[in-house]
Structure formats: C-alpha cells, structure tokens
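Structural description and commentary
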Amino acid sequence: MSIWWSLHLRREAASVPLARRLLLGTMETAGVDPDISFDLSVALSEACANAVEHGGGGEIPDDTEAYHVTAYLDGDCCRIEVTDSGPGFPPATVARRRPSLAEHGRGLHLISELADHVRFRNRPGRGAVVSFDKMLKWRDDALLRVS
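For every chain, the first residue of the written sequence is number 1, and numbering continues from 1 onward in sequence order. With the structure being a predicted model, the display of local features is reserved for residues of pLDDT at least 70 and the display and counting of side-chain atom pairs for 80 or more, all residues being used for whole-chain, interface and lining totals. As a convention, hydrogens and water are excluded, and side-chain values are obtained from all of the structure's heavy atoms.

**Brief notes about the side chain of Glu46**
Within the secondary structure, Glu46 sits in helix H2 (residues 34-54). Only protein chains enter the accessibility calculation, which uses a 1.4 Å probe; a residue whose area is less than 20% of its type maximum is buried, one above 50% is exposed, and one in between is partly exposed. Glu46 sits in the buried class, given a relative accessible area of 17%. Every residue in contact with Glu46, bar those within four places of it in the chain, is listed here: Arg106, Gly107, Leu110 and Ile111. Numbering of helices and strands runs from the N terminus, with a helix taken as a DSSP run of H or I at least four residues long and a strand as a DSSP run of E at least two residues long. By definition, residues are in contact when any of their heavy atoms lie within 4.5 Å.

In structure tokens:
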C-alpha cells in the first residue's frame, strides 16, 4: 500500500492545524496505530510552525509566501517533508542528526525525538527542508494494512 499527498500552504498560523488534521485523518483511515499517528502529527506541527515562523524572506510572514508539505505512507514507513523558502538552517543543524536544545528551540529537538530518522538540509538560495521518517505500526482492524 502506498499513499501520498502534497500541500502548498501560506505561511500563516492557520495552516499548521490544517496539515496536522489531514495527516491524522489519512493515518486513521489507513489504520495506523494512534500513538504513531500522534507522534508524527506533533512532529509535523513543529516542522510547519518552524516554516511559518522562519521560512520566508523577511522577519514578518508574508501571506503570499508559501511552504510545502508532502507525506508518503509507503509500506510500513511514513516520510514527511516540509520545505520553505527561508534563509535555511544554521550549518551546525545541517551537520548533525539531532540538534541540541542549547542551539535551537524545542521544535527541531521534538521532531528528532519523535521520528526514527530526521534530516535537516538547506537548498542554497531556496530555503530549508526538514524530512523525517517513522516506521508504522498498524491497528488490528486496519483495512489498508501491508500484508
């Protein structure tokens, strides 16, 4: 089984719960274990909030600036990517797998703790990408479960 969706969202706070609800609805329908769904939804919310706050050219979010969210449920793994058009991550964040709380806010740290694998990278002159994966567990009654 494979499911994917992609969103093009304005950099405004109201977009964060929209992305989270879409992810939770997809995972519930597919039959993903609620604890796994919750972890991924929190990580997604943090990545989206980071894009809203830091993902543009100026200090104040511009409603015309956007960020992108793509989620892939493929087999027993979910990968989520959040891409923005901001200045990118500091080099120390990109260089290591798990950022320390001393260097950054709690959002990037939470993403790292909730996901099985996380990557922070920059697209020079075009923004930053947060991608994270988590192995899925399924409810016993899952209709779309991988056999």
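Read on, since the account is not over.
**Quick word on the pattern of salt bridges**
Throughout this description, the term salt bridge denotes a Lys or Arg side-chain nitrogen within 4 Å of a carboxyl oxygen of Asp or Glu. Going through the model one piece at a time under the given rule, you end up with five salt bridges. Put simply, Glu65 and Arg11 hold a salt bridge, and the shortest N to O gap is 2.1 Å. Residue Glu65 is found in the loop between H2 and strand S2 (66-74), and its partner Arg11 is found in the loop between strand S1 (2-10) and helix H1 (15-30); the two are separated by 54 residues along the sequence. Arg11 gets classed as buried once you look at its relative accessible area, which sits at 1%.

**Quick word on the packing of H1 against H2**
Two packed helices can be described by the angle between their axes and the distance between those axes. For the pair H1 and H2, the least separation of the axes is 9 Å and the interaxial angle reads 155°. Relative to H2, H1 is oriented roughly antiparallel. Between H1 and H2 lies a crossing whose hand is right-handed. Here Ser15, Val16, Ala19, Arg20, Leu23, Leu24 and Met27 of H1 lie close against H2, whose contacting residues are Ser37, Phe38, Leu40, Ser41, Val42, Leu44, Ser45, Cys48, Ala49 and Val52. Of the residues in the contact of H1 with H2, the class split is 12 nonpolar, four polar and one charged. Orientation is described by lines fitted to C-alpha atoms, with helices fitted over the stretch in contact, and by angles between N-to-C directions that extend from 0 to 180 degrees. What sets the label is the angle itself: under 35 degrees gives roughly parallel, over 145 gives roughly antiparallel, 65 to 115 gives roughly perpendicular, and the rest give oblique. Crossing handedness follows the turn of the near helix against the far one: under a right angle anticlockwise gives a left-handed crossing, and clockwise gives a right-handed one. Put simply, Ala, Val, Leu, Ile, Met, Phe, Trp, Tyr, Cys and Pro go in the nonpolar bin, Asp, Glu, Lys and Arg in the charged bin, and everything else, Gly too, in the polar bin.

**A few points about the environment of Thr70**
Among the structural elements, Thr70 can be located in strand S2. The contacts of Thr70, once residues within four sequence positions are left out, are Trp4, Trp5, Ser6, Arg79, Ile80 and Glu81.

**With respect to the packing of aromatic side chains**
Aromatic rings from Phe, Tyr and Trp, taking only the six-membered ring of Trp, are treated as a pair when their centres fall within 6.5 Å; an angle between ring planes under 30 degrees marks them as stacked, one over 60 as edge-to-face, and anything in between as tilted. Counted according to the given criterion, the structure contains one aromatic pair. Measuring from ring centre to ring centre gives 5.4 Å for Phe89 and Phe120, while their planes differ by 70°; the resulting arrangement is edge-to-face. One end of the pair, Phe89, is in the loop between strand S3 (77-83) and helix H3 (91-95); the other, Phe120, is in strand S4 (residues 117-123), and 31 residues separate them in sequence. Comparing Phe89 with Phe120, the two get one shared label, buried.

**Comments concerning H1**
A helix is expected to span 1.5 Å for every residue after the first. With 16 residues, H1 should reach 22 Å at 1.5 Å per residue; the first-to-last C-alpha distance of 23 Å fits that figure. The first or second residue beyond H1 is Gly31, which carries a positive phi of 100°.

**Focus on the sheet that holds S3**
Strand order in the open sheet formed by five strands is S1-S2-S3-S5-S4, and the pairing between neighbours is antiparallel. On the outer flanks of this sheet lie S1 and S4, each paired with one strand and no other. Within the sheet, the average angular offset between the axes of one strand and its neighbour, ignoring direction, is 10°. When DSSP finds two or more bridges between a pair of strands, those strands are recorded as paired. For S3 and strand S5 (residues 127-135), the ladder comprises seven bridges, and the chain directions are antiparallel. Counted as the bridge partner of Cys77 is Met135 from S5. Set on the sheet, H2 makes contact with S2, S3 and S5; between it and S5 the angle comes to about 175°. Together, S4 and S5 form the strand contacts of helix H4 (residues 106-114), whose direction differs from that of S4 by roughly 135°.

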